[in-house]
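Understanding the architecture of this molecule
If you want the building blocks of each chain, they are given just below.
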Amino acid sequence: MSNLETSSDEFACAAGPTDGVEVLRPREVPLGGPRAMRVRRTLPQRERSLIGAWCFVDHYGPQDQGRDGGMDVPPHPHTGLQTATWLFSGLVEHRDSAGVHALVRPGELNLMTAGAGICHSEVSVEPQSAPILHGVQLWVALPDSARFTDRAFHHFAPEPVSLSGGSALVFLGALAGHHSPVPSFTPLLGAQLDLDPRQELALDVDPAFEHGVLCDRGAVGLGGITLSIGELGYQGPGRTVLVLRNAGDAPARLLLLGGPPFGEELVLWWNFIGRSHEEIVKFRREWHDGDTRFGEVRGYRGRLDRLPAPPLPPVRLRPRRAGGR
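Report follows, based on the coordinates. Bear in mind that the values here come from a model prediction, so they are computed numbers and not experimental data.

1. Let's talk about the overall build of the protein
Helices and strands together make up the secondary structure of the protein, namely two helices and 27 strands. Among the 325 residues that make up the protein, the fraction classed as buried is 57%. Taking all contacts inside the protein whose residues are at least 6 apart in sequence as the whole, residues at least 24 apart take part in 74%. Here the protein has roughly 12,900 Å² of accessible surface; of this, 50% comes from carbon and sulfur atoms.

2. Concerning unusual backbone geometry
Cis geometry is found at the peptide bond from Leu43 to Pro44, where omega equals -5 degrees. Within the secondary structure, Pro44 sits in the loop between strand 4 (38-43) and strand 5 (54-64). The omega angle of the peptide bond from Gly61 to Pro62 is 0 degrees, so this bond is cis rather than trans. Structurally, Pro62 can be placed in strand 5. We note that Ala176 has phi near 55 degrees; this positive angle belongs to a residue other than glycine. Looking at the element boundaries, Ala176 is found in the loop between strand 16 (174-175) and strand 17 (178-179). Classification of Ala176 by relative accessible area gives partly exposed; the value is 39%.

3. Digging into the pattern of salt bridges
Scanning the entire structure with this criterion turns up 16 salt bridges. The partner of Asp144 in a salt bridge is Arg147, and the shortest N-O contact between them spans 2.7 Å. Of the residues examined, Asp144 reaches a relative accessible area of 42% and is grouped as partly exposed. Overall, Arg147 belongs to the buried group, its relative accessible area being 6%. Salt-bridge contacts for Lys282 lead to Glu286; the nearest nitrogen and oxygen are separated by 2.8 Å. Of this pair, Lys282 and Glu286 both sit in helix 2 (residues 277-288), four residues apart, which is roughly one turn of the helix. By relative accessible area, which is 33% here, Lys282 ends up partly exposed. Of the residues examined, Glu286 reaches a relative accessible area of 12% and is grouped as buried. A single salt-bridge network, built from bridges that share partners, covers Asp144, Arg147 and Glu279.

4. As for the sheet that holds strand 25 (residues 252-259)
Taken in spatial order, the seven strands of this open sheet run 2-23-20-25-18-15-14, and their pairing is antiparallel. The open sheet has two free edges, formed respectively by strand 2 (21-24) and strand 14 (161-163), since each of these has just one partner strand. Strand-to-strand twist of the sheet, defined as the mean angle between neighbouring strand axes without regard to direction, takes the value 25 degrees. Bridging between strand 14 and strand 15 (residues 166-172) involves three bridges; their strand directions are antiparallel. Among the inter-strand pairings, Val161 is bridged to a residue of strand 15, identified as Ala168.

5. So, the sheet that holds strand 12 (residues 132-141)
Taken in spatial order, the seven strands make up an open sheet running 3-4-5-12-7-10-13, and their pairing is antiparallel. Across the chains shown, the open sheet's two edge strands, defined by having one partner strand only, are strand 3 (27-30) and strand 13 (152-156). With strand direction ignored, the average angle separating the axes of adjacent strands in the sheet is 20 degrees. One ladder, built from four bridges, connects strand 7 (residues 81-89) with strand 10 (residues 109-113); its direction is antiparallel. Considered in strand 10, the bridge of Thr83 is made with Met112.

Rules behind the numbers
Residues numbered from 1 in each chain as written. Predicted model: local features only at pLDDT ≥ 70, side-chain atom pairs only at ≥ 80, totals over all residues. Heavy atoms only, no water. Helix = DSSP H or I, 4+ residues; strand = E, 2+ residues; numbered from the N terminus. Buried < 20%, exposed > 50% of the residue type's maximum accessible area, 1.4 Å probe, protein only. Contact = heavy atoms within 4.5 Å. Areas by Shrake-Rupley, 256 points an atom, 1.4 Å probe, with all protein chains shown as cover. Salt bridge = Lys/Arg side-chain N within 4 Å of Asp/Glu carboxyl O. Pairing = 2+ DSSP bridges. Axes fitted to C-alpha atoms, helices over the stretch in contact; angles between N-to-C directions.

Just distances and angles here, no functional claims.
Below, the structure written as structure tokens:
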């Protein structure tokens, strides 16, 4: 998914304070189009820009496409990151300049590696076959050693894991004795957890990881705080057990994200991740000029041939201090 904000702030991303529990509340962002699909964005923020290498979280739906319109994101570029698409309902057609044409289905991970540069489009399918669109788009920052790697695409459909008080779908990393075969460039955890009503779930976790809990449905308790739908709860490293509670009388659902604190500072502007102002300016110019860095998406038939980059801000893109403040 693209960042379609017409005035795009830069974020100099680094790990922030890790004591206690932080609650990151989403802001609504329009994704453009005649009926402007809106998403709830919780990363990056001024308060915190990274959880492990996870650097971007957009949460959207449930949205009735027949009534409210769906997703139509024209070809747009990325550098220095991976995109992870996870649906709860609906279907999305993915096309990219590596030649991949895939249908994104609920409960199946689609992980695209941009590396040195890629472009892709995302379009929800006809409402008659999948009227309700509901999911999450995530970005993973690539470390300096891998950020100019080749384009790639991985698909994985995890089997449900039965837990005492709920179930899990582990799509990246390892949890509850189950491991995803999808490779990552830094240690990562990504899983959907479904909690039964009024149940508590205690999970063994890597104490080197920081964790984020995105509440998708119900009310989810984390460290004495109850998360509402769309809120992202953060806990820093040092814990060997993560305790989650469903505070309601109906099932709850969440995404659990994790990884060791990302040790590199980086600059995130629009759809690019770089390490300096000069790199971002270069990436933007190359996209504007149709450089071969990004390639070409074939088969997209939508409202625009390609998404133009917004104007750069009238100041130098520079790092902010740790935590994104």
